[in-house]
Amino acid sequence: MALAYKIYPSLTLKGLYSKMNQFIHRLSNSGLELSTDLWIYSTEKLKPQLSEQIASGISRDFGKRKYELTFEGYY
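Read on for a plain summary of the structure.

Criteria and thresholds
- Residues numbered from 1 in each chain as written.
- Predicted model: local features only at pLDDT ≥ 70, side-chain atom pairs only at ≥ 80, totals over all residues.
- Heavy atoms only, no water.
- Helix = DSSP H or I, 4+ residues; strand = E, 2+ residues; numbered from the N terminus.
- Rg over C-alpha atoms; globule rule 2.2 N^0.38 Å.
- Contact = heavy atoms within 4.5 Å.
- Areas by Shrake-Rupley, 256 points an atom, 1.4 Å probe, with all protein chains shown as cover.
- Buried < 20%, exposed > 50% of the residue type's maximum accessible area, 1.4 Å probe, protein only.
- Pairing = 2+ DSSP bridges.
- Axes fitted to C-alpha atoms, helices over the stretch in contact; angles between N-to-C directions.
- Polar contact = N/O pair within 3.5 Å; in protein donor to acceptor, adjacent residues only side chain to side chain.

**Observations regarding the overall build of the protein chain**
And then number 1: Looking only at helices and strands, the protein chain has zero helices and six strands in total.
And then number 2: For 75 residues, the compact-globule estimate of 2.2 N^0.38 gives 11 Å, and the protein chain exceeds it by more than 25% at 21 Å.
And then number 3: Considered along the principal axes of its C-alpha atoms, the protein chain spans approximately 55 × 30 × 15 Å.
And then number 4: Within the protein chain, residue pairs in contact and separated by at least 24 positions form 39% of the contacts whose partners lie at least 6 positions apart.
And then number 5: A total accessible area of about 7000 Å² is found for the protein chain, and carbon and sulfur atoms account for 59% of it.

Okay, structure coming up:
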């Protein structure tokens, strides 16, 4: 979910929340001269990877909206 709120015509506050899942995992073996990768799907024993991200920022338009300067942070 992403939200944007214009404070002034050229100044915008932004906010974002995302929740992501990854259902495939990579197993790497670099012990041999040739590195090998094995891709496996999630199972009941190997749960999917989950992540959540929150971000916020502010942006400003310059030069009749030709340029935009944005500062954002995330956790």
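Here the narrative resumes, following the displayed structure.
**Remarks on the environment of lysine 66**
And then number 1: By the secondary structure assignment, lysine 66 is in the loop between strand E5 (49–62) and strand E6 (67–74).
And then number 2: Overall, lysine 66 belongs to the exposed group, its relative accessible area being 67%.
And then number 3: For the pair lysine 66 and methionine 1, spaced 65 residues apart in sequence, the C-alpha separation works out to 26 Å.

**Considering the sheet that holds E5**
And then number 1: Taken in spatial order, the four strands line up as E1-E2-E5-E6 in an open sheet, and their pairing is antiparallel. Each edge of the open sheet carries a strand with a single partner, namely strand E1 (2–8) and E6. Each strand of the sheet is rotated relative to its neighbour by a mean of 20°, with strand direction disregarded.
And then number 2: Bridge count for E5 against E6 is eight bridges, and the pairing is antiparallel. Along E6, the bridge assignment pairs arginine 60 with leucine 69.

**What about the pairing of E1?**
And then number 1: Across the seven residues of E1, zero count as buried, placing the element largely on the outside.
And then number 2: Relative to strand E2 (residues 11–22), E1 runs antiparallel, the two being bridged by six bridges. Bridging from a neighbouring strand, alanine 4 pairs with lysine 14 of E2.
And then number 3: Connecting E1 to the next strand, E2, in antiparallel fashion are two residues.

**Re the side chain of serine 59**
And then number 1: Relative to the assigned elements, serine 59 resides in strand E5.
And then number 2: For serine 59, a relative accessible area of 4% puts it in the buried group.
And then number 3: In terms of polar contacts, serine 59 uses its side chain to reach the side chain of glutamate 68, at 3.3 Å.
And then number 4: Among residues more than four places away in sequence, those in contact with serine 59 are Ser10, Leu11, Thr12, Lys14, Glu68, Leu69 and Thr70.

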